[in-house]
Amino acid sequence: MNRTPLLGVCLSALLLAGASCSKKTEATPDPTPPVVVPTPTGPSQVAFWLTNTNRTALFARQKTVLNFAAPTNSYPTINVDTTKAYQTMDGFGYTLTGGSATVINAMSATNRADLLRELFATDSTWLGVSYLRLSIGASDLSDRVFTYDDVAGDVGLTQFSLAPDRTDLIPVLKQILAINPSIKIMGSPWTAPLWMKSNGNARGGTLQAQYYDAYARYFVKYIQQMAAEGIRLDAVTLQNEPLNPDNEPSMLMSAAEQANFIKNNLGPAFAAAGITTKIIAYDHNPDRPDYPLAVLNDAAARPYVEGTAFHNYGGSLSAALDQLHSAYPSKGLYFTEFWTQAPGNLLTDFPGHVRELEIGAPRNWAKNVLEWNLASNASYGPRTAGGCSQCLGAVTISGNSVTRNPAYYAVAHSSKFVRPNSVRIGTDTPTNLPNVAYKTPSGKKVLVVLNSGTDPLQFNIQFKGKTVSSALAGGSVGTYVW
């Protein structure tokens, strides 16, 4: 996954004021005091949810009364402008790896149901996760390498089977869909069946041209058989990290190969089968925007491609997203992966992820934001023999015990409030106050703000000529809803 020790995210879990924290495992708070915000009485026009990196507030709704009034101070001001509308959002969430499903499914039925409700329900204090990414076959965070047809030479795919996913992944997905039937799901393969590859190996190699047609039908079978299980794939990428031969599993796919596969095989196969699942190109780092541009520049491939997916392990994410949007403004942009390096550090990981992903990616046209990965055990597994050994899940599961980690909180600040089909709207960005705002389908305004400095900051939120004042400690994040 080309992962190097970059900024990780350590988020603080926000709970409604007065809600019990007894089931949430967190580290002991450090002694640094939070910013003290006055708490007037009476109804509040603005709901304020806070995470402090010192863990004094972890995704917690504040009792502070925030009401809009005439401006009365000279604090830095974030002006929220609904007349400036940008992309429509698909959602926020995680990759549900095979390993994630394994540790979740091993919980007791009651504890598993409680955790899934906490993650995917939209009422109460829950996160309302609205988008998941799956691996098509094994990822490096599966307990072993497998595909859905490991019978060498089975060009007719008569032995194709979802059996490896029936033990954990499909049962967990069905429980998630019972909570949120409209959740969007993306599938990404880490490798084609090994017998289709140039080296016959789980690592590296390329898809042999003689198997392009069979591999296109492999995608069709996967989508159709998942649909028969009640699991609809909204989108697929063609290859996870197509320029990385070192993961286990992995497969190389050049831009020219991807364009050829799309225009000559996968696109026509989807059309013939009546499949409306979106085809998304690339799915790798922003240091190579030339790759998705080459795919989209192919006039025969372009009509089949809905957009481009990016990870964040090299290059400038904002620059790459802007470059792709400028070149092809009608094509969607997706953010599909960034890790938190174990053991995780809320003080640095949380603000880093919120700044770069939850704020930065949508401000640069991303329609979704997905963190890697949803769940792991205390040893950062399950994983393949050559899989990531330092990937910290959003939650760590030990038996029935759940520890909430940085990515849990980073996603929470957006996922709960920015429901699918929300539209990003305009905001100013004062110094040390990166932010992003949305108008939801119900008409609510949602503003996510990070204090990216080290000192406390007081600031105004302005809407339609009136302002409300708030404050954030250094590294803290607030979500404001009105």
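As the structure is a computational prediction, the values presented were derived from the model and not from experiment.

Caption draft 1: Highlighting the pairing of strand β16 (residues 435-439). Summarising burial for β16: 4 of the 5 residues are buried, a large majority. Across 3 bridges, the pairing between strand β15 (residues 423-427) and β16 is antiparallel. Residue I425 lies in a different strand from β16, and its bridge partner there is A437. Joining the antiparallel neighbours β16 and strand β17 (residues 445-450) is a turn of 5 residues, in which G443 adopts a positive phi near 95°.

Caption draft 2: Examining the nonpolar core more closely. Within the largest apolar cluster, 118 residues are counted, with the highest numbers of intra-cluster contacts made by L96, I104 and Y222. If you tally residues by element for this core, the top one is helix α5 (residues 212-228), at 10 residues. Setting aside its immediate chain neighbours within four residues, L96 contacts A101, I104, L132, R133, L134, L169, V172, L173, I176 and L374. Counting residues in hydrophobic clusters, the runner-up holds 21 residues, among them A60, F68, I425 and A437.

Caption draft 3: Fine view of the packing of aromatic side chains. One pass over the structure, following the stated rule, counts 26 aromatic pairs. Judged by centre distance (4.8 Å) and plane angle (40°), the rings of Y282 and Y291 are tilted. You can call Y282 buried: its relative accessible area is 0%. Members of the aromatic cluster, joined through ring pairs, are F146, Y148, F160, Y212, Y215, Y218, F219, Y222 and F261. If you follow R424 out to its NZ or CZ, it ends over the ring of Y86, 4.0 Å from the centre. Here the guanidinium or amino end of R424 rests over the ring plane of W365, the centre of that ring lying 5.3 Å away.

Calculation notes
Residues numbered from 1 in each chain as written. Predicted model: local features only at pLDDT ≥ 70, side-chain atom pairs only at ≥ 80, totals over all residues. Heavy atoms only, no water. Buried < 20%, exposed > 50% of the residue type's maximum accessible area, 1.4 Å probe, protein only. Helix = DSSP H or I, 4+ residues; strand = E, 2+ residues; numbered from the N terminus. Pairing = 2+ DSSP bridges. Core = buried A, V, L, I, M, F, W, Y, C linked by side-chain atoms within 4.5 Å. Contact = heavy atoms within 4.5 Å. Phe/Tyr/Trp six-rings, centres within 6.5 Å; stacked < 30°, edge-to-face > 60°. Lys NZ or Arg CZ within 6 Å of the ring centre and 35° of its normal.

By themselves, these are just geometric observations and shouldn't be taken as functional.
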